[in-house]
Amino acid sequence: MDRIAPEKRNTCALVVDDEALMRELLTAALEGVGVACVKATAGGASALAILDATDPAEPAVDLVVCDLSMPDMDGVEFLRHLADRRLDVAVVLVSGRDPRILRSAESLGRAHGLRILGSLEKPVTRRALRELLEAPSSGAGPARAPRPAGAPLEPAELRAALANGELSAHFQPKVDVRTRAVVGVEALARWFHPVRRFVPPDQFIALAEEHGLVDQVTEVILGKALRAGATWSATGTELSVAVNISMDSVARLDLPDVVASAARSTGFALGNVMLEVTESRLVRDLTTALDVLTRLRLKGVGLSIDDFGTGYSSLEQLERMPFVELKIDRAFVNGATKDASKRAILESALSLAQKLDLTTVAEGVETEEDWRLLGELGCDLAQGYWIGKPMAAEAVQGWIDAWRSIETARP
Ligand SMILES: [Mg+2]
């Protein structure tokens, strides 16, 4: 998990707030917790200009502390521009407004793929700031990595990675909440670059989408995932294997054939394939999506709505799409016992899924309390660090054996 260690001398923070007094207070608080370099500016536009500057003599900003209500560009707009730049910066949001606004801005930032460390209500105390900077960043997800070295990622590097076999699949278990049985795994794309080392998936998937390489990435991961599934199945471990599909690939009419041929060539049962499509992108090009998704279902492939709660799907859209599973975003699962709004969203997503006769999966189960709550609320499946982290294909069987031994050891 990420953290910004306060002793980290090369941390450079940028404070964005229209009130001069707040800029001074935040600067003092950041310096007080050991941030070596603090820049401050009054608005979103000037902040973006600072972030865009490429003077090698200036230290690069790796932490942005941003007020949500600013006259020139509001915080939400600023987050969107920040996300577009795909910089490796951590973000802390600050507001004097309703904490609910802060929370929705946080979720929005995360939905944009930003690394949001959390938010602070005004007046900001040094202690609250320190706690936030030192805590493992809760919503950043397991797939984050330290800042990659050097220049921005180039499409040519991804093309080379595809040609050189640098992409691999890791697998995170999905288990039955009631029986604890391991029912499947989600394949997660990993890229170990020879120089940059670990490249976060959201960075290279976005690059792939932008440069028309996403189908190739999907095919590589699909092939590796189904091959692993066939290997487990050959030793008597039947698992459903889920692969994340970009909405760009769903817009491709031959996707059902690509999936069917991957299953054929690896010997994995099509009926055990699950494709996960992110909810926030479902709404584009409904007709083609409906065509492709329906044909996938006709072939026996399962379809899952991923990251549910971060998008804007209407009940009507969900009902029209042939999904069999709904995955509730981690933002509404981890910590739901301590947060009434999260819990309310979790409960309503579960009841919506049950009404539509969908299997429910909770993502981001990180504590025993999260797990217990899912049992109480009747969620079907769960996935998250508390159960198992993403792992190499070879480690899956050993993990299953260990999980089963814990199960039998419990009273
Ligand atoms: Mg997924």
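Residues numbered from 1 in each chain as written. Predicted model: local features only at pLDDT ≥ 70, side-chain atom pairs only at ≥ 80, totals over all residues.

(A) Main features of the pairing of strand β6 (residues 167-176). With 8 of 10 residues buried, β6 is to be regarded as a mostly interior element. Taken together, the 2 bridges between β6 and strand β14 (residues 381-382) define a ladder with antiparallel strand orientation. In the strand pairing of β14, Val175 is matched with Ala382. (Buried ≥ 20, exposed ≤ 12 C-beta atoms within 10 Å, placed from the backbone. Helix = DSSP H or I, 4+ residues; strand = E, 2+ residues; numbered from the N terminus. Pairing = 2+ DSSP bridges.)

(B) Representation of the environment of Gly271 within the structure. Its location among the elements puts Gly271 in the loop between α10 (255-266) and β10 (273-278). For the pair Gly271 and Arg297, spaced 26 residues apart in the sequence, the C-alpha separation amounts to 9.2 Å.

(C) Seen up close, the nonpolar core. Of all hydrophobic cores here, the largest spans 72 residues; its most connected members are Ala187, Val241 and Ala382. Among the elements that make up this core, the one with the highest residue count is helix α8 (residues 214-234) (7 residues). Each residue touching Ala187, except ones within four places of it in the same chain, is listed here: Ala169, Phe171, Ile221, Ala225, Val241, Ala242 and Val243. (Core = buried A, V, L, I, M, F, W, Y, C linked by C-beta atoms within 7 Å. Contact = placed C-beta atoms within 7 Å.)

(D) Representation of the packing of α8 against α10 in the model. Taken N-terminus to C-terminus, the directions of α8 and α10 make an angle of 40°; their axes are 9 Å apart at the nearest point. Judged on the interaxial angle alone, α10 and α8 are oblique. Of the two possible hands of crossing, α8 and α10 adopt the one that is right-handed. Contact with α8, carried on its side by Glu219, Leu222, Gly223, Leu226, Arg227 and Ala230, involves Val258, Val259, Ala262, Ala263 and Thr266 of α10 and no other residues of that element. Per-class residue counts for the contact of α8 with α10 are 7 nonpolar, 2 polar and 2 charged. (Axes fitted to C-alpha atoms, helices over the stretch in contact; angles between N-to-C directions. Parallel < 35°, antiparallel > 145°, perpendicular 65-115°, else oblique. Left-handed = near helix turned anticlockwise from the far one by under 90°. Nonpolar A, V, L, I, M, F, W, Y, C, P; charged D, E, K, R; others polar.)

(E) Inspection of the sheet that holds strand β1 (residues 12-16) at higher detail. Across the sheet, which stays open at both edges, the 5 strands sit in the order β2-β1-β3-β4-β5 with parallel pairing between neighbours. This sheet does not close on itself; its edge strands, each paired only once, are β2 (37-41) and β5 (115-121). Taking the axes of each pair of neighbouring strands and ignoring which way they run, one obtains an average angle of 20° across the sheet. In terms of strand pairing, strand β3 (residues 63-67) meets strand β4 (residues 90-95) through 5 bridges, oriented parallel.

(F) Region of interest: the pairing of strand β13 (residues 359-362). Here 4 bridges tie strand β12 (residues 325-328) to β13, and the two strands are oriented parallel to one another. Bridge pairing in β13 places Glu325 opposite Thr359. Relative to β14, β13 runs parallel, the two being bridged by 2 bridges. Across the sheet, residue Val361 finds its bridge partner in β14, namely Leu381.

All we've got here are geometric facts, nothing functional implied.
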